[in-house]
Amino acid sequence: MFSTPIRSVVHPVLVGLALAAALPAGAQPQAGPGLRSGEQVYRETCFACHESGVARAPRVGDRAAWAPLIAEGLPMLSGHAWVGLRAMPPKGGNPDLTLTEFARGVVFMANQSGAEWKDPDAATMRRVLKEAERRMDLFIREAEAAKRDLRRQREALHRAGGR
């Protein structure tokens, strides 16, 4: 059911979501020293897959591949990708990325592929966070359903005389 072990998805993302949710309502999550630019994030993390198209990752600059993603909008695209999508692991495989840095990387790639987005402000980051939370809730519901199914199978096996 899952392309990555659920613990590798849930733990880092829940920590990141908890930290992002702790921002005061008027906070500027994109401000502050030490945060990477979108281009830095792309070069350090995204390049490995999005330059060559590994595992069907949309290649940066491929307007046709990015058009439907750009149409989703920054909040949905960043929020869903943050928690992991298809073959892409959470945070693009970089556990050190903040949600803001991740969104900046998405902006950079989208802009190289036909979008005209700006780095996300606080209001946009709240929408990104909301989408990430929705996506994570879906993963959690799916994981809980899989766990219930495993329990049923264990009980059925036990009743049939297996251990």
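The residue numbers shown here count from 1 along each chain, following its written sequence. pLDDT decides what is reported in this predicted model: residues at 70 or higher carry local features, side-chain atom pairs at 80 or more are listed and counted, and totals for whole chains, interfaces and linings draw on all residues regardless. Side-chain calculation: all heavy atoms of the structure are included, whereas hydrogens and water are not.

### Digging into the overall build of the protein
Here a strand is any run of E in DSSP of at least two residues, a helix any run of H or I of at least four, and the numbering for each starts at the N terminus. On a plain count of helices and strands, the protein comes out with 6 helices and 0 strands. For the protein, the N- to C-terminal ordering of α and β elements is α-α-α-α-α-α. Only protein chains enter the accessibility calculation, which uses a 1.4 Å probe. A residue is then buried if its area is under 20% of the maximum for its type, exposed if over 50%, and partly exposed in between. Within the protein, the fraction of its 163 residues that count as buried is 38%. Taking the contacts inside the protein whose residues are at least 6 apart along the sequence as the reference set, 71% of them involve residues at least 24 apart. For the protein, the accessible surface area stands at approximately 9,600 Å², while carbon and sulfur atoms represent 55% of it. The contact rule is simple, with two residues in contact once any of their heavy atoms fall within 4.5 Å. Using the Shrake-Rupley algorithm and a 1.4 Å probe, accessible areas are obtained, with residue cover drawn only from the displayed protein chains.

### With respect to the packing of helix H5 (residues 99-111) against helix H6 (residues 122-159)
Direction vectors running N to C along H5 and H6 enclose 100°, while the axes themselves pass 11 Å from each other. Here H6 runs roughly perpendicular to H5, going by the angle between their axes. Contact with H5, carried on its side by Leu-99, Thr-100 and Ala-103, involves Met-125, Val-128 and Leu-129 of H6 and no other residues of that element. The residue makeup of the contact of H5 with H6, split by class, is 5 nonpolar, 1 polar and no charged. Fitting a line to C-alpha atoms yields each axis, with helices limited to the stretch in contact; the angle taken between N-to-C directions then spans 0 to 180 degrees. Reported orientations rely on four angle classes, namely roughly parallel under 35 degrees, roughly antiparallel over 145, roughly perpendicular from 65 to 115, and oblique for the rest. The residue classification treats Ala, Val, Leu, Ile, Met, Phe, Trp, Tyr, Cys and Pro as nonpolar and Asp, Glu, Lys and Arg as charged. All others, Gly included, are polar.

### Examining the nonpolar core
One finds Trp-66, Trp-82, Val-83, Leu-99, Phe-102 and Met-109 to be the most contacted residues of the largest nonpolar core, which totals 27 residues. For this core, the elements supplying multiple residues, two or more each, are helix H2 (38-50), helix H3 (63-72), helix H4 (74-82), H5 and H6. Ranked by residue count, the leading element in this core is H5, at 8 residues. Residue types Ala, Val, Leu, Ile, Met, Phe, Trp, Tyr and Cys, when buried and joined through side-chain atoms within 4.5 Å, form a set referred to as a nonpolar core.

### Concerning the environment of Gly-61
Structurally, Gly-61 is set in the loop between H2 and H3. You can call Gly-61 partly exposed: its relative accessible area is 41%. Remark: the alpha-carbon pair of Gly-61 and Glu-51, spanning 10 residues in sequence, is separated by 8.7 Å. Among residues more than four places away in sequence, those in contact with Gly-61 are Gln-112 and Ser-113.

### Thoughts on the state of the cysteines
Cysteine sulfurs are considered disulfide-paired once they come within 2.5 Å of each other. In total, this model carries 0 disulfides according to the counting rule given. Counting only cysteine sulfurs, Cys-49 is the nearest neighbor of Cys-46, a cysteine outside any disulfide, at a range of 8.9 Å.

### Looking at the pattern of salt bridges
Oppositely charged side chains may form a pair once their charged atoms are brought near each other. Within this document, salt bridges are pairs made up of a side-chain nitrogen of Lys or Arg and a carboxyl oxygen of Asp or Glu, the two lying within 4 Å of each other. Taken as a whole and judged by the stated rule, the model has 6 salt bridges. Arg-36 is paired through a salt bridge with Glu-44; the nearest N and O atoms lie 3.2 Å apart. For Asp-149, the salt bridge is made with Arg-152, and the minimal N-O distance between the two is 3.8 Å. Separated by 3 residues within a single helix, Asp-149 and Arg-152 lie in helix H6, roughly one turn from each other. Accessibility expressed as a relative area gives 33% for Asp-149, which makes it partly exposed. A cluster of three or more residues bridged by salt bridges with shared partners is formed by Arg-36, Glu-44 and Glu-101.

### Focus on the side chain of His-80
Of note, His-80 is situated in helix H4. Overall, the relative accessible area of 17% leaves His-80 in the buried class. Excluding residues that lie within four positions of it along the chain, His-80 makes contacts with Leu-85, Glu-131 and Arg-135.

### Section: H6
A helix is expected to span 1.5 Å multiplied by its residue count minus one. Compared with the 56 Å implied by 1.5 Å per residue over 38 residues, the 55 Å span of H6 between its first and last C-alpha is a close match. Looking only at H6, the buried set comprises Ala-122, Thr-124, Met-125, Val-128, Leu-129, Glu-131, Ala-132, Arg-135, Met-136 and Phe-139. The N-cap residue of H6 is Asp-121: its side-chain oxygen and the backbone nitrogen of Ala-123 are 3.3 Å apart. Count one or two residues on from H6 and you reach Gly-161, which has phi positive near 100°. Definition of a polar contact: a pair of N or O atoms within 3.5 Å, with one able to donate and the other able to accept a hydrogen when the atoms are protein atoms, and with sequence-neighbouring residues admitted only if both atoms are side-chain atoms.

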